[in-house]
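Examination of the molecular architecture
One-letter residues, chain by chain:
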Amino acid sequence: DGTPVVVGKRAGGGDVAVDRMSDGTRDQLFLAFRLASIEQYCAVTEPLPFVADDLLVHFDDDRTAETLALLAEFGRTTQVLLFTHHRSVRDMAGALAARGEAKIVELV
């Protein structure tokens, strides 16, 4: 009917509707949309910060590490603030901080 629809493609072939995706996969999809939108915006005007609270709650360890690296790269364009209460996320970000690609601030 001409209405745009988002459909995922499975690695092994076949389609998957958004409502049939896991929470983690759905979160990753919408994060990709958010980052693409902000990236486009920053390309044509004053960059705006990206603020996220417990964004990675449904991500497994591998996807968390990849997303942290992506957010660190994104931080070259705009300010990224990621809040979490998960020590594992903090610990994974530690490697980025050691390389000067991120800064960890603990609020107590």
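Residues numbered from 1 in each chain as written. Predicted model: local features only at pLDDT ≥ 70, side-chain atom pairs only at ≥ 80, totals over all residues. Heavy atoms only, no water.

Within this structure, the stated rule accounts for two aromatic pairs. Here phenylalanine 50 and phenylalanine 74 contribute two aromatic rings whose centre-to-centre distance is 6.3 Å and whose plane-to-plane angle is 80°, an arrangement assigned as edge-to-face. Of this pair, phenylalanine 50 sits in strand β3 (residues 50-53) while phenylalanine 74 sits in helix α2 (residues 61-74), and the two are 24 residues apart along the sequence. Accessibility expressed as a relative area gives 9% for phenylalanine 74, which makes it buried. (Phe/Tyr/Trp six-rings, centres within 6.5 Å; stacked < 30°, edge-to-face > 60°. Helix = DSSP H or I, 4+ residues; strand = E, 2+ residues; numbered from the N terminus. Buried < 20%, exposed > 50% of the residue type's maximum accessible area, 1.4 Å probe, protein only.)

On inspection of all chains with the given rule, the structure shows five salt bridges. Aspartate 23 is paired through a salt bridge with arginine 26; the nearest N and O atoms lie 2.6 Å apart. One end of the pair, aspartate 23, and the other, arginine 26, are both in helix α1 (residues 23-44), three residues apart, so they sit about a helical turn from each other. For arginine 26, a relative accessible area of 22% gives the class partly exposed. One salt bridge in this structure joins glutamate 106 and arginine 90, with 3.5 Å as the shortest N-O distance. Of this pair, glutamate 106 sits in the segment after α3 (87-98) while arginine 90 sits in helix α3, placing them 16 residues apart in sequence. The network of salt bridges with shared partners includes Arg90, Asp91 and Glu106. (Salt bridge = Lys/Arg side-chain N within 4 Å of Asp/Glu carboxyl O.)

So, about the side chain of threonine 64. Within the secondary structure, threonine 64 sits in helix α2. Beyond its immediate stretch of four places on either side in the chain, threonine 64 contacts Leu56, Phe59, Val89 and Met92. (Contact = heavy atoms within 4.5 Å.)

Generally speaking, a soluble globular protein has its nonpolar side chains buried in company with each other. Counting 16 residues, the largest nonpolar core has Leu31, Leu35, Phe50, Leu55, Leu56 and Leu68 as the members making the most contacts within it. When contributions to this core are tallied by element, the ones reaching two or more residues are α1, β3, α2 and α3. (Core = buried A, V, L, I, M, F, W, Y, C linked by side-chain atoms within 4.5 Å.)

Packing of α2 against α3 leaves a shortest axis separation of 10 Å and a crossing angle of 45°. Between α2 and α3, the angle is such that the two are oblique. As for the relative orientation of α2 and α3, their crossing is right-handed in sense. Here Asp61, Thr64, Ala65, Leu68, Ala69 and Ala72 of α2 lie close against α3, whose contacting residues are Val89, Met92, Ala93 and Leu96. Its residues placed into classes, the contact of α2 with α3 shows eight nonpolar, one polar and one charged. (Axes fitted to C-alpha atoms, helices over the stretch in contact; angles between N-to-C directions. Parallel < 35°, antiparallel > 145°, perpendicular 65-115°, else oblique. Left-handed = near helix turned anticlockwise from the far one by under 90°. Nonpolar A, V, L, I, M, F, W, Y, C, P; charged D, E, K, R; others polar.)

On the surface, Asp60, Asp61, Asp62 and Glu66 cluster together into a negatively charged patch. The residue glutamate 66 is located in helix α2 in this model. With relative accessibility at 59%, the residue glutamate 66 sits in the exposed group. (Patch = residues over 30% accessible without salt bridge, like charges linked within 9 Å, V, L, I, M, F, W, Y side chains within 5 Å. Areas by Shrake-Rupley, 256 points an atom, 1.4 Å probe, with all protein chains shown as cover. Lys, Arg positive; Asp, Glu negative; His and termini not counted. Charge placed at Lys NZ, Arg CZ, Asp CG, Glu CD.)

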